[in-house]
Amino acid sequence: MVTGAAGFIGSHLAHALVQAGTVVIGVDRRDPATDRTAAANLSVLRGLPGYMHVTADLLSCAIDPLLVDANAVFHLAGIPGVRPSWGPRFGEYVASNVLATHRVMDAVTRMGVPRLVAASSSSVYGPTDGGASVETDRPQPASPYAVTKLAEEQLCLAHSTQAHCPTSVVALRYFTVYGPRQRPDMFTHRALTAALTGHPLRLYGDGHQRRDFTYIDDAVAATIAAGTLPTASGVINVGGGSSASLLDVINIANSLAGREVEVHQENPRNGDVLTTRANPGRAHEVLGWQPQVDIHNGMRAHMQALAAESPAYGRAA
Ligand code: NAD
Ligand code: UGA
C-alpha cells in the first residue's frame, strides 16, 4: 500500500513499484475525479493492471481491509511544507501527520504487516553549522511542520518497539526532493516555471540558503530499498548529494531556459533553515543506496517535464 499516492513522491513511487511487477493499492484523500493535481499525478497509473486507487481519508477510513496480504506500507500521506505550518492550517498538519499516522500504525500492527516505511523530513534537524547531519544528531525542529514530522517518525518507531508489534519501521528523512510533478509551492518548480514563462520569482532571503537536493528517481529507489530489504530499520537520511544554493538553482534554470529569471527578493521566512546537508553513510550501508542524478541533469529533466505540460512553456524552453 502506498499512502499519499496522488501526491508528488507517492505517485512516482507507486508507478515504479507497479513497473517492477508489484501489486499496489494507492490511498489518498484527494479525489482524482475532482482534484486536478491528483488527476495529473495519477495519470501515469491510470489503467495499469496491478494498480488500484482508493480515495479515502486516513483519519477516518477503515484501513484494515486495505491491508489484507500487504507486504509493506509506504506511508507518504501527510501535509508537507515548512512555511504554511505557522498559520491556521497547523491543525491539519497535526491531524494528517500525527493522528492519521497513529491510525495507520494501529492498523499495520493488527493486520501483521511486516514493514512500514514512513516519510520523515530533513527539517527535523533544524539549524545546523553547515556540516552534514547524521541520524544520531539531536533533532531541533525549527517549524511546526518539522515538529509534526519528528512526532510522526518517532510515533512509528515507538509502535514498532512494542512487543506485540510485528512491523519493522524505516523512517526516511528525505532532503528537498525535486523533479517532474514536484509540488508547485516548492522552489525548484517555481524557479523553473519562472525561467520558462518569464514571470518573476519571489526569493525569500538572499538566496544563499543551501539544500541537499534529491532527484525524485533517487528518492524512489531509496524508498523501495527501505520497503524491501529485510535488514533495513530505523531512521535513514535520503539526501541527494547535490548541495546547491538557491542562487545556483536560479543560475541553472537561467541556463536551461536561455533567459534571466527576474528575481524579487523578500524577507526570509520563519522556520526556514539556512542549510540542509545529509550524511549519506547510513543510506549507503543499510540500503546500498547512493544518488545517481546530479542537480544539472535532474533540473533538465524537471524542466522538460514542465515544458511538456504546457505548449506555451515549450516554446520558451
Ligand atoms: P504531496 O502533498 O504531493 O503528497 C502528499 C499526499 O498525501 C497528498 O496527495 C495528500 O492528499 C495526501 N494526504 C494528506 N493527508 C491525508 C490523509 N489524512 N489521508 C489520505 N491522504 C492524505 O507531498 P510530497 O511532496 O509528495 O510529500 C510526501 C511526503 O513526504 C509527505 O509526508 C512529506 O512531509 C514528506 N516529505 C517530502 C519532501 C519533499 O521534498 N517533497 C521532503 C521531506 C519529506
Ligand atoms: C522541502 C519540502 O517542501 C518539505 O515538505 C520537506 O519536508 C523539506 O523539503 C525537507 O527537506 O524535509 P524546503 O527545503 O523548505 O522544504 O524546500 P522548498 O519549499 O523548495 O524551499 C527551499 C528554499 O526556497 C527555502 O529557503 C524557501 O524559503 C525558498 N523559497 C521557496 C523561495 O525563496 N521562494 C519560493 O517561492 C519558495
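In what follows, the accompanying structure is described. (Residues numbered from 1 in each chain as written. Chains lettered and ligands numbered in written order. Predicted model: local features only at pLDDT ≥ 70, side-chain atom pairs only at ≥ 80, totals over all residues. Heavy atoms only, no water.)

**Things to note about the site of ligand 2**
For clarity, the cut-off: We call a residue near a given molecule or strand whenever any one of its heavy atoms falls within 4 Å of it. Counting of polar contacts relies on pairs of N or O atoms within 3.5 Å, with two restrictions inside protein: one atom must be capable of donating a hydrogen and the other of accepting it, and residues adjacent in sequence are counted only when both atoms are side-chain atoms. Calculation of accessible area relied on Shrake-Rupley with a 1.4 Å probe; when residues are assessed, cover is drawn exclusively from the protein chains displayed. A run of DSSP states H or I qualifies as a helix once it reaches four residues; a run of E qualifies as a strand once it reaches two. Both are numbered from the N-terminal end.
Near ligand 2 lie 23 residues; those nearest to it are Arg 83, Ser 121, Ser 122, Tyr 145 and Asp 272. Note that an oxygen atom of ligand 2 is positioned 2.6 Å from one of the side-chain N or O atoms of Arg 83. Between ligand 2 and the protein, one listed contact pairs an oxygen atom with a side-chain N or O atom of Ser 121 at 2.5 Å. Notes on ligand 2: free accessible area 700 Å², of which the protein chains cover 96%. Going through the elements one at a time, helix H5 (187-197) and strand S8 (201-204) are the ones with two or more residues in the shell around ligand 2. A total of 3 residues in the shell around ligand 2 trace back to one element, the largest contributor, which is S8.

**Some remarks on the packing of aromatic side chains**
Where two aromatic rings form a pair, the distance of their centres and the angle of their planes describe that pair. The test is simple: Any two of the Phe, Tyr and Trp rings considered here, Trp counted by its six-membered ring, make a pair once their centres fall within 6.5 Å; the pair's planes then place it as stacked at under 30 degrees, edge-to-face at over 60, or tilted in between. Exposure categories follow from relative accessible area, calculated using a 1.4 Å probe and restricted to protein chains: below 20% of the type maximum is buried, above 50% is exposed, and the middle band is partly exposed.
Counted under the stated rule, the structure contains 4 aromatic pairs. Between Tyr 125 and Phe 175, the ring centres sit 6.3 Å apart and the planes meet at 35°, which makes this aromatic pair tilted. One end of the pair, Tyr 125, is in the loop between strand S5 (115-121) and helix H4 (144-160); the other, Phe 175, is in the loop between strand S6 (168-174) and strand S7 (177-178), and 50 residues separate them in sequence. Pair check on accessibility: Tyr 125 and Phe 175 agree, each one buried. Geometrically, the ring pair formed by Tyr 178 and Phe 213 is edge-to-face, given 6.1 Å between the ring centres and 90° between the ring planes. Within this pair, whereas Tyr 178 is found in strand S7, its partner Phe 213 is found in strand S9 (residues 210-215), the two being separated by 35 residues in sequence. A residue is classified by how much of its surface remains accessible, and Phe 213, at 2% relative accessible area, is buried. Through a chain of ring-to-ring contacts, the aromatic side chains of Tyr 178, Phe 213 and Tyr 215 assemble into a single cluster.

**Remarks on the layout of surface pockets**
Threshold: Only protein atoms enter the 1 Å grid used here. Points where a 1.4 Å probe fits but cannot escape make up a cavity, open sets with protein on both sides within 12 Å along at least five of seven lines make up a pocket, and a residue lines them when an atom lies within 4 Å of a point. Grid points are joined across faces, edges and corners, and a volume is the space filled by probe spheres set on the points.
Reported here for the second largest pocket is a volume of approximately 360 Å³. Mapped onto the lining of the second largest pocket, the elements with two or more residues apiece are strand S2 (24-28), strand S4 (72-75) and helix H6 (216-228).

**Notes on the nonpolar core**
Defined as follows: Nonpolar core, defined: a set of buried Ala, Val, Leu, Ile, Met, Phe, Trp, Tyr and Cys residues in which side-chain atoms within 4.5 Å join the residues together. Whether two residues are in contact is decided by their heavy atoms, any of which lying within 4.5 Å being enough.
Leu 172, Tyr 174 and Leu 287 are the most contacted members of the largest nonpolar core, which has 60 residues in total. Not counting residues up to four positions away in its chain, the partners in contact with Leu 287 are Leu 172, Ala 222, Ala 225, Ala 226, Leu 229, Ala 232, Ile 236 and Arg 282. Membership of the second largest hydrophobic core comes to 25 residues, among which are Ile 63, Ala 107, Leu 157 and Val 235.

**A word on H6**
Keep this limit in mind: Helices are assigned an expected span. That span is 1.5 Å times one less than the residue count.
Along its 13 residues, H6 runs 18 Å from first to last C-alpha, staying within 8% of the 18 Å computed at 1.5 Å per residue. Within the span of H6, buried status applies to Ile 216, Asp 218, Ala 219, Val 220, Ala 222, Thr 223, Ala 225, Ala 226 and Gly 227.

**Quick look at the pairing of strand S10 (residues 234-238)**
Convention followed: The pairing criterion is simple: DSSP has to find at least two bridges between the two strands.
Judged by how many residues are buried, S10 sits mostly within the fold: 5 of 5 residues are covered. Both S6 and S10 contribute to a ladder of 5 bridges, which runs parallel. Its bridge partner being in S10, Ala 171 is matched across the sheet by Val 235.

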